[in-house]
Amino acid sequence: MKDQKEYDLNSPVNITDNIWWVGRYLKDDIFQCHTYLIKSGRNSVLIDPGSKLTIEETLKKIEKVIPFDNIRYFIVHHQDPDVAGALNIIDEKVVRSDAVILSHWRAISLLKHMDLKMPFQCVEKMEWTLKEEDLDLSFVFTPYLHFPGAFCTLDHNSGTLFTSDLFGAFTEEFSLFAKDESYLEQMRPFHEHYMPSREILAFSMEKIGKLRLNWIMPQHGSIIGKELIPFLVESMKNFDCGLFLMSLSDTNIDKLSRLNRFLNNFLETLISVRNFDTVIRQLLKHIVSIIPAETISFLYKEEDRNWKYLTESSRYQHINLPSESWLIQVCSSYFEDGNEEVRLFFEDLHRLALPLKNSETGNLIGFALVDLSREIEIDKETETTLIQLSHPLSIALEREIMQQQLDQEKQKYYEQSIKDSLTGFYNRAYMNEAMPRICAHHDRGLVEEIALLIFDLDHFKKVNDQFGHPVGDEVLRQTTNVISENLRVGDIAVRIGGEEFALFLILENKADAKIIGDRIRIKVGEIDFSSVMGENKQTISGGLVYRDKQETMDSLVARADNCLYRAKSEGRNRIVSSV
């Protein structure tokens, strides 16, 4: 095939073998109509003759290829005037007695009202085939695309399928040949408003996908080469046809198609993506095709009646919102009157509020809040699309709330598994899990110093024996409160067992460890236990060591234990350090 630029559209264009384009280019018309000629001697075929606007030039082009009288078969795929409008002119021009118009009976039942001299023949009564010497055609039934008797014509000799309205397109700039896969987006609005449903289109695409084709030649749009056919056939199965079902007043095809694609893109995202942050970012990416959205946030009320706010700036973390917030004051009216409309607020920001409902009960649970770059008016079609969006958005929010609750439960059980229930300190299991990671940071120089301070309450057994275990538990609680108050961010407190505690201190200055240890020791000694132990005081002893790089946990703990033993041996109520 030659480069398209080499073709003169004022002349017939030889596409392949004996197939010619003999249509007329209509300037500034996005709805170009094509007529094709199959050259086959005295059995030549004219495909979709055309209208009164095009027939004069079509006849001139035919004469440049073959004498008009060589045409025996006039295939008319449907009865619309862009295809059949010129039949009266052709009927007057035909002189041979065996000339015939081929179509489906459903089209013939209307075409007969044109009162033509030429006879009609039903393709279905021909067993969907036509063979004459060098001519070998089949007729492929594609019902309801775009009318009940729709069909395509397959030329076996060239592998060309003449598809009538199928594979047609609205083309802003005329191109006789489809250039690349971008042609799909020119086809989309044409099919989505014209064809009745995705299922009907997919049915015929399955049938066409099984044919061996080199060319697809539609009546509208551009001719499609072999390399694009598989991609387009497969992609068209997903076209959302019946587009005007979305329309309340507006019949703008591009706009309705854009709204439809927006909804479908979001539904696909919701199905395939679990992460809420990603879902909303994808929504924002698509929603700008219908409204000037900048950010999307969410406001919802928990079962405890607290308001939560999820925003992009917080990476959609669940933040408590003060009840006096103007946003809550305005949105609360929805809960009072059950309003279901999309509402626009123009306060500090241009903001659209979309009510979200529980997918099971239908009760209002919150709002999607869309911040806009400018003030807008929402027409009925856009409002309907946004309301349709509210259901999947509600599911996304409910899913996120459920995930948040699960995460909180997981965190709760995890905290219970790694923390001592009496003191709230971490347990030995957590120490064995977490400290090797922190020590690895120390080995790589990411942490300056690690100190281990092991505390043990002095004569604690006497407390339990003399005052009982409930008093012993109270002593432990108050002691660990003092320890907690003197820890810094990043320090880790562990209850090793009984009355023994380990403090892992992350340091920049070694001297800080001894200061922290002594401060805790002094404050424990100052705790007032008079209500449970009379005038008895509780003291604490500690062993302090500093970790050497590459040192194992067992070695570190053993050295700290040795220092603690020395503190006990030297009289208790003191901190003994290895330094």
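- An unreviewed UniProt entry lists the protein under the name diguanylate cyclase, from Spirochaeta isovalerica.
- Quoted verbatim from the Catalytic activity (unreviewed entry) heading of the UniProt record, the comment on the protein is "2 GTP = 3',3'-c-di-GMP + 2 diphosphate".

1. Describing the sheet that holds strand β23 (residues 540–546)
- One open sheet holds the 5 strands; their spatial order is β21-β22-β20-β23-β24, and the pairing between them is mixed. Looking along the sheet, the strands with just one partner apiece sit at the ends: β21 (492–497) and β24 (575–577). Each strand axis lies, on average, 20 degrees off the axis of its neighbour in the sheet, ignoring direction.
- As judged from the 3 bridges shared by β23 and β24, these two strands associate in the parallel manner. Its bridge partner being in β24, Gly-543 is matched across the sheet by Val-576.
- Helix-sheet contacts for helix α14 (residues 469–485) involve β20 (449–457), β21, β22 (500–507) and β23, and the interaxial angle to β22 is about 5 degrees.

2. Overview of the nonpolar core
- With 29 residues, the main nonpolar core has Phe-455, Val-475, Leu-503 and Leu-505 as its most contacted residues.
- Secondary-structure elements contributing two or more residues to this core are β20, α13 (460–467), α14, β22, α15 (511–525) and β23.
- No other element matches α14, which puts 5 residues into this core.
- Leave out the neighbours within four places in its chain, and Phe-455 touches Glu-499, Glu-500, Phe-501, Leu-503, Gly-517, Ile-520, Ile-540, Ser-541, Gly-542 and Ile-575.
- Judged by nonpolar contacts, the second largest core, of 28 residues, contains Leu-283, Ile-296, Leu-356 and Ile-376.

3. Some details on the sheet that holds strand β10 (residues 151–155)
- Sheet architecture is open: 6 strands sit in the order β8-β9-β10-β11-β12-β13, paired in mixed fashion. At either end of the open sheet lies a strand with only one pairing partner, and these are β8 (129–132) and β13 (224–225).
- Of the pairings in the sheet, the one linking β8 to strand β9 (residues 135–141) comprises 4 bridges and is antiparallel in character. The partner of Leu-130 across the bridge, within β9, is Leu-137.

4. Structural notes on unusual backbone geometry
- Look at the link from Leu-145 to His-146: it is a cis peptide, with omega at 10 degrees.
- Within the secondary structure, His-146 is located in the loop between β9 and β10.
- Even without being glycine, Tyr-144 reaches a positive phi, approximately 70 degrees.
- Summarising the element assignment, Tyr-144 is placed in the loop between β9 and β10.

5. What to know about the pattern of salt bridges
- This model, assessed by the stated rule, comprises 25 salt bridges.
- The salt bridge involving Arg-24 is made with Glu-57; its shortest N-O contact spans 3.7 Å. Here the residue Arg-24 occupies a position in the loop between β2 (19–21) and β3 (36–38), and Glu-57 occupies one in helix α1 (residues 55–65), the gap between them amounting to 33 residues.
- Given the relative accessible area of 29%, Arg-24 is considered partly exposed.
- Look at Glu-57 and you get partly exposed, because its relative accessible area is 21%.
- Here the salt bridges do not stand alone but share partners, grouping Arg-72, Arg-96, Asp-98 and Glu-132 into one network.

6. Side note on the side chain of Thr-153
- Counting through the fold element by element, Thr-153 comes out in strand β10.
- Assessed through its relative accessible area of 0%, Thr-153 is described here as buried.
- A polar contact is formed between the side chain of Thr-153 and the side chain of His-77, at a distance of 2.8 Å.
- If sequence neighbours within four positions are ignored, Thr-153 has contacts with Ile-75, His-77, Leu-137, Ser-138, Phe-139, Thr-160, Leu-161 and Phe-162.

The rules we used
Residues numbered from 1 in each chain as written. Predicted model: local features only at pLDDT ≥ 70, side-chain atom pairs only at ≥ 80, totals over all residues. Heavy atoms only, no water. UniProt positions renumbered as here; feature names shortened; annotations may be inferred. Pairing = 2+ DSSP bridges. Helix = DSSP H or I, 4+ residues; strand = E, 2+ residues; numbered from the N terminus. Axes fitted to C-alpha atoms, helices over the stretch in contact; angles between N-to-C directions. Contact = heavy atoms within 4.5 Å. Core = buried A, V, L, I, M, F, W, Y, C linked by side-chain atoms within 4.5 Å. Buried < 20%, exposed > 50% of the residue type's maximum accessible area, 1.4 Å probe, protein only. Salt bridge = Lys/Arg side-chain N within 4 Å of Asp/Glu carboxyl O. Polar contact = N/O pair within 3.5 Å; in protein donor to acceptor, adjacent residues only side chain to side chain.

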